[in-house]
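For reference, the chains in residue letters:
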Amino acid sequence: GFEDVDLAARVLEGDALLQQLSATTSAASRIDYPRLHEHLQGVAALAGRLGFTAEAGRAYYQDGLVFDHQGEPRQALEQYERALELIAQTADPQLLNEVRVTAATAHEALGSTTGALAMLDDSAGELAAGPQEDAATGLADRLLEKGPELAQHARQPHLLGQRDCPCRAARRQGQRMRPFA
């Protein structure tokens, strides 16, 4: 009905607002963060009320990304955890693992290597249970191996000029290391 259409319109509006985060610095400086948080949390609430659990989880995840963009890893992690609770109830392992890996980054930013590794272990376990177990296990091992190096670059950005940053190397290969990169 009308509420489903309203939800779809709000999701599209939220996606448009999120595009500003990856825009140029001048566009990103004009972002109304409180409005964006309110919008995404409203989408999550409406989606949850209508029974669209995955969409509610996705909205909380996006809200966490906004907090992360603002440099607020604690609030980001809270939203990622809300997202994980909902997305775990759905049949979307790709989104679930994306949120787990992003939450691991937030844990690391907060100095919780244990929390980060737990998220990566959960992600590896989920991937290993699927049909591509060998590839997933290899990917998880590489992520665990690269994690400390990526965290070091995040904590000490002045080192980026001294040797090639994994993020920059990934971008040259057409890959993204984190959302909005």
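Let me begin by describing the structure that accompanies this report. (Residues numbered from 1 in each chain as written. Predicted model: local features only at pLDDT ≥ 70, side-chain atom pairs only at ≥ 80, totals over all residues. Heavy atoms only, no water.)

### Thoughts on the environment of F52
- When you line up the elements, F52 lands in the loop between α3 (33-50) and α4 (53-69).
- For F52 and T90, which are 38 residues apart along the polypeptide, the C-alpha to C-alpha distance reads 9.6 Å.
- Each residue touching F52, except ones within four places of it in the same chain, is listed here: D4, L7 and A47. (Helix = DSSP H or I, 4+ residues; strand = E, 2+ residues; numbered from the N terminus. Contact = heavy atoms within 4.5 Å.)

### Brief notes about the nonpolar core
- Membership of the largest hydrophobic core comes to 27 residues, with the highest contact counts inside it found for L7, Y61, Y80, A83, I87 and V99.
- Sorting the residues of this core by element identifies α1 (2-19), α3, α4, α5 (73-87), α6 (93-109) and α7 (113-128) as the ones contributing at least two each.
- L7 has contacts with V43, L46, A47, L50 and F52, leaving out every residue within four places of it along the chain. (Core = buried A, V, L, I, M, F, W, Y, C linked by side-chain atoms within 4.5 Å. Buried < 20%, exposed > 50% of the residue type's maximum accessible area, 1.4 Å probe, protein only.)

### Comments concerning the packing of aromatic side chains
- Counted according to the given criterion, the structure contains one aromatic pair.
- Here Y61 and Y80 contribute two aromatic rings whose centre-to-centre distance is 5.8 Å and whose plane-to-plane angle is 50 degrees, an arrangement assigned as tilted. You can see Y61 sitting in helix α4 and its partner Y80 sitting in helix α5, a full 19 residues away along the chain. (Phe/Tyr/Trp six-rings, centres within 6.5 Å; stacked < 30°, edge-to-face > 60°.)

### Observations concerning α4
- The end-to-end C-alpha separation of α4 is 24 Å, in line with the 24 Å expected for 17 residues at 1.5 Å each.
- The secondary structure elements touched by the buried residues of α4 are α1, α3, α5 and α6.
- Looking one or two residues beyond α4, the residue adopting positive phi is G71, at roughly 80 degrees. (Expected span 1.5 Å × (residues − 1).)

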